[in-house]
Amino acid sequence: MTLKTLRSSMLIAAALLLVFLSAPNVRAQDDPNAPIKNLSFQNADIRTVLGFLADYGQVNIVTSPEVQGNVTFSLKKVDWRQALDIVCKTYSLTAVDEAGYIRVTPTKSYLDEVSTMEKHKFDKEKMVELSTAVMKIDNATADELVKTVTPLLSERGKVQTDKRTNNLIVRDVPANITKIEKLITDLDKPTRQIRISAQMIEVSTTALQELGIDWTLKTSRTVSTKEKYETTSDQTLNDVTNPAGTFTFTTLQDGWNLTSRISALVSDGKGKIVAHPEVTTVDNKEARIQMGQKIPIKQFDQSGNVVITFEEVGSLLKVTPHITSENRILMQLKPERSSYEYDPNGVIINTSNAETNVVVENGQTAVIGGLTTQDEIENHVGLPILKDIPILGYLFSYKKKEITNRDLVIFVTPTIVEDYASTDKP
């Protein structure tokens with residue numbers, strides 16, 4: 001043995017002795033999870049270090065024959081697993097947790113091993129005989145599930161749909177078919193449904209005050225009037241030519257008797273129910289409510305022939321509801337109102353629209369308002385016969401103009417259909 005080799009062995013022995021003496025209390029307590037106060041090695045053989053960590057953590061560590069060399073590091077207050085991970089990461093090693101032991105191997109060898117296993121698995125799948133399974137879809141649409149199932153297929157796998165029976169036909173290796181069947185079972189469940197009740201009412205501006213709603217609010221706050229409500233948002237329309245109006249959004253709180261208040265306004269002649277539609281839609285699916293008319297518009301095709309198309313004009317409300325985990329309802333509201341007027345060049349359609357998200361309780365009402373129209377009425381009042389005399393009639397009559405502001409208010413009430421909400425059959 002040369003002097004240089006003897007000196008190196010003495011340094012290693014001294015380093016190991018220092019490590020064992022640095023944590024005497026831990027060994028006495030026999031606690032492998034206790035942190036190591038001071039862990040320091042100087043040019044120590046890596047196998048010796050791994051052996052020390054295995055002994056300290058009371059685990060089995062198997063070292064690959066390719067793991068060789070010396071390490072130098074100094075750590076404080078780390079547990080044995082942290083020290084193992086630090087050493088492996090620093091010296092391009094990988095610690096693989098196996099059943100009952102930890103295998104330490106060079107990272108490059110480990111990656112080659114994983115690549116070989118994946119190739120072996122792929123080659124094995126090519127040799128497996130394909131199976132065919134017909135999966136019945138009860139609640140969803142088979143076409144909608146194709147995109148969800150496709151990523152689970154192998155390169156040899158295929159999926160088709162049978163629209164007549166609403167079934168999925170999957171051909172793949174048996175292992176993948178089992179995964180797909182489990183996924184279909186989890187996804188093919190009854191979708192909760194929401195009933196959307198909407199009331200479109202035309203009322204005068206002064207009658208809105210009787211409803212306890214003040215559309216002049218521009219900030220989000222709670223206001224107490226005859227009835228309680230909360231302004232959730234106020235939105236201005238996009239810049240359009242001659243807009244039909246602006247939209248304001250509000251929610252009515254509990255205790256607000258909507259039916260009786262509207263009935264009172266209608267009976268007094270201050271309001272008119274334009275429409276009261278009700279639709280039912282599934283969770284996250286858009287419901288569309290429209291009241292209006294179709295206007296014929298003449299256009300010319302490429303050959304110069306006259307083609308008549310019909311544009312829908314009136315009031316349109318699109319509602320996309322979503323039931324939250326707290327059984328509240330998030331509604332994406334898209335109201336739109338359009339009108340038309342004739343022009344020498346054709347027909348001008350004025351459109352105003354907005355979009356907002358409102359969260360309401362089950363059965364709570366959201367209000368969309370602010371769409372104001374003006375009715376101008378001109379009356380010729382005077383003495384009979386005399387008022388109709390040319391020129392002199394002006395002395396016995398006068399003209400009276402009356403402008404009436406009327407607002408279109410839309411009340412939207414979503415209600416969870418409990419028959420579907422409580423259904424969860426296997």
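For the structure itself, consult the block above.
This one's a predicted model, so the numbers in the text were calculated from it and none came from an experiment.

Asker: Sorry, what's going on with the sheet that holds strand β5 (residues 101–106) here?
Answerer: Strands pair in a sheet through their backbones, by hydrogen bonds, and they do so in one of two ways: parallel or antiparallel. Pairing within the open sheet is mixed, and its three strands lie in the order β2-β5-β4. Looking along the sheet, the strands with just one partner apiece sit at the ends: β2 (61–63) and β4 (93–98). Taken pair by pair, the neighbouring strands of this sheet meet at an average axis angle of 25 degrees, ignoring direction. Relative to β5, β4 runs antiparallel, the two being bridged by six bridges. Across the sheet, residue T94 finds its bridge partner in β5, namely T105.

Asker: I keep staring at the nonpolar core and nothing clicks. Help me out?
Answerer: Grouped burial of nonpolar side chains is what soluble globular proteins tend to show. L39, F73, L84 and V104 are the most contacted members of the largest nonpolar core, which totals 27 residues. Breaking this core down by element, the ones donating at least two residues are β1 (36–45), α3 (46–57), β3 (70–78), α4 (80–90), β4 and β5. The element contributing the most residues to this core is α3, with seven residues. Those residues in contact with L84 that sit more than four places away from it in its chain are L50, L53, I61, A95, I102 and V104. If you look at the next biggest cluster of nonpolar residues, it comprises 20 residues, including L317, V319, V358 and V412.

Asker: Teacher, can you tell me more about the side chain of T94 here?
Answerer: With respect to the helices, strands and loops of the structure, T94 is situated in strand β4. A residue is classified by how much of its surface remains accessible, and T94, at 17% relative accessible area, is buried. At 2.9 Å, the side chain of T94 forms a polar contact with the side chain of T107. Beyond its immediate chain neighbours, meaning those up to four positions away, T94 contacts C88, R103, V104, T105, T107 and Y110.

Asker: What am I meant to see in the packing of aromatic side chains here?
Answerer: The way to describe two aromatic rings as a pair is by their centre distance and the angle between their planes. All told, the structure shown has three aromatic pairs when counted by the stated rule. Both rings, one in F41 and one in F73, keep their centres 5.4 Å apart while their planes meet at 50 degrees; by these two values the pair is tilted. Pair noted here: F41 is in strand β1 and F73 is in strand β3, with a separation of 32 residues, a long-range link. Neither residue differs from the other here; F41 and F73 are each classed as buried. Seen from their ring centres, F52 and Y56 are 6.1 Å apart, and the 50 degrees between their planes marks the pair as tilted. Of this pair, F52 and Y56 both sit in helix α3, four residues apart, which is roughly one turn of the helix. In terms of burial, F52 and Y56 fall into one category: buried. Following the ring pairs from residue to residue traces out a cluster consisting of F41, F52, Y56 and F73.

What counts and how
Residues numbered from 1 in each chain as written. Predicted model: local features only at pLDDT ≥ 70, side-chain atom pairs only at ≥ 80, totals over all residues. Heavy atoms only, no water. Pairing = 2+ DSSP bridges. Helix = DSSP H or I, 4+ residues; strand = E, 2+ residues; numbered from the N terminus. Axes fitted to C-alpha atoms, helices over the stretch in contact; angles between N-to-C directions. Core = buried A, V, L, I, M, F, W, Y, C linked by side-chain atoms within 4.5 Å. Buried < 20%, exposed > 50% of the residue type's maximum accessible area, 1.4 Å probe, protein only. Contact = heavy atoms within 4.5 Å. Polar contact = N/O pair within 3.5 Å; in protein donor to acceptor, adjacent residues only side chain to side chain. Phe/Tyr/Trp six-rings, centres within 6.5 Å; stacked < 30°, edge-to-face > 60°.

Shape descriptors only; they carry no functional weight alone.
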